Amino acid sequence: MKGMSICPVCNGLYEMSLMCANCGEPMIESGRLMDYYDNYSPYMDIDLMKLEDGYPDTYSGNKCPHLYRCPTCQHDHVLFIKE
Ligand SMILES: [Zn+2]
Ligand SMILES: [Zn+2]
């Protein structure tokens, strides 16, 4: 147990509903971006790579980045959940 995350989405307290900016379909929560980043960094596209610069700020701001994906058009969006 790391005991550092109190992100409500990680803890299953609620689900964020997010509409795809591309096609308007509901997006699906695909897990923490950290998990993807550790395991699948070659898979990341340019948009996600750009976030790398913002990570230190993200950590200090106690926000938990979650990856959302549209099942219809495969559009990805990273949502920062306040912890
Ligand atoms: Zn989280
Ligand atoms: Zn879409």
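Up top is the structure.
For the structure given in this document, a descriptive report is provided here. (Residues numbered from 1 in each chain as written. Chains lettered and ligands numbered in written order. Predicted model: local features only at pLDDT ≥ 70, side-chain atom pairs only at ≥ 80, totals over all residues. Heavy atoms only, no water.)

1. Topic: the coordination of the zinc ion (ligand 2)
Six octahedral donors around a metal ideally subtend angles of 90 or 180 degrees, whereas four tetrahedral donors ideally subtend 109.5 degrees.
(1) Moving on: At the metal site, the zinc ion (ligand 2) is ligated by Cys20 (SG), Cys23 (SG), Cys70 (SG) and Cys73 (SG), and these contacts range over 2.3 Å.
(2) Moving on: Around the zinc ion (ligand 2), the four donor atoms sit at angles spanning 100 to 123 degrees, and that spread fits a shape best called tetrahedral.
(3) Moving on: Using a relative accessible area of 0% as the deciding quantity, one classes cysteine 70 as buried. (Donors = N, O, S within 2.8 Å, 3.2 Å for Na, K, Ca; no water. Tetrahedral: all angles 85-135°; square planar, octahedral: opposite > 155°, others 65-115°. Buried < 20%, exposed > 50% of the residue type's maximum accessible area, 1.4 Å probe, protein only.)

2. Quick word on the pairing of strand E3 (residues 76–82)
(1) Moving on: Taken together, the seven bridges between strand E2 (residues 63–69) and E3 define a ladder with antiparallel strand orientation. Following the sheet pairing, histidine 66 is matched in E3 by leucine 79.
(2) Moving on: Counting the residues in the hairpin turn of E2 and E3 gives six residues, including glutamine 74, whose phi is positive at 65 degrees. (Pairing = 2+ DSSP bridges. Helix = DSSP H or I, 4+ residues; strand = E, 2+ residues; numbered from the N terminus.)

3. Some details on the coordination of the zinc ion (ligand 1)
(1) Moving on: Those donors, Cys7 (SG), Cys10 (SG), Cys64 (SG) and His66 (NE2), are the protein atoms that reach the zinc ion (ligand 1), and they lie 2.0 to 2.3 Å from it.
(2) Moving on: You can call cysteine 64 buried: its relative accessible area is 0%.
(3) Moving on: The buried category is assigned to histidine 66, whose relative accessible area is 1%.

4. Describing unusual backbone geometry
(1) Moving on: Backbone geometry at glutamine 74 places phi at a positive 65 degrees, although glycine is not the residue there.
(2) Moving on: Turning to its location among the elements, glutamine 74 is positioned in the loop between E2 and E3.
(3) Moving on: The exposure class of glutamine 74 is partly exposed, given its relative accessible area of 49%.

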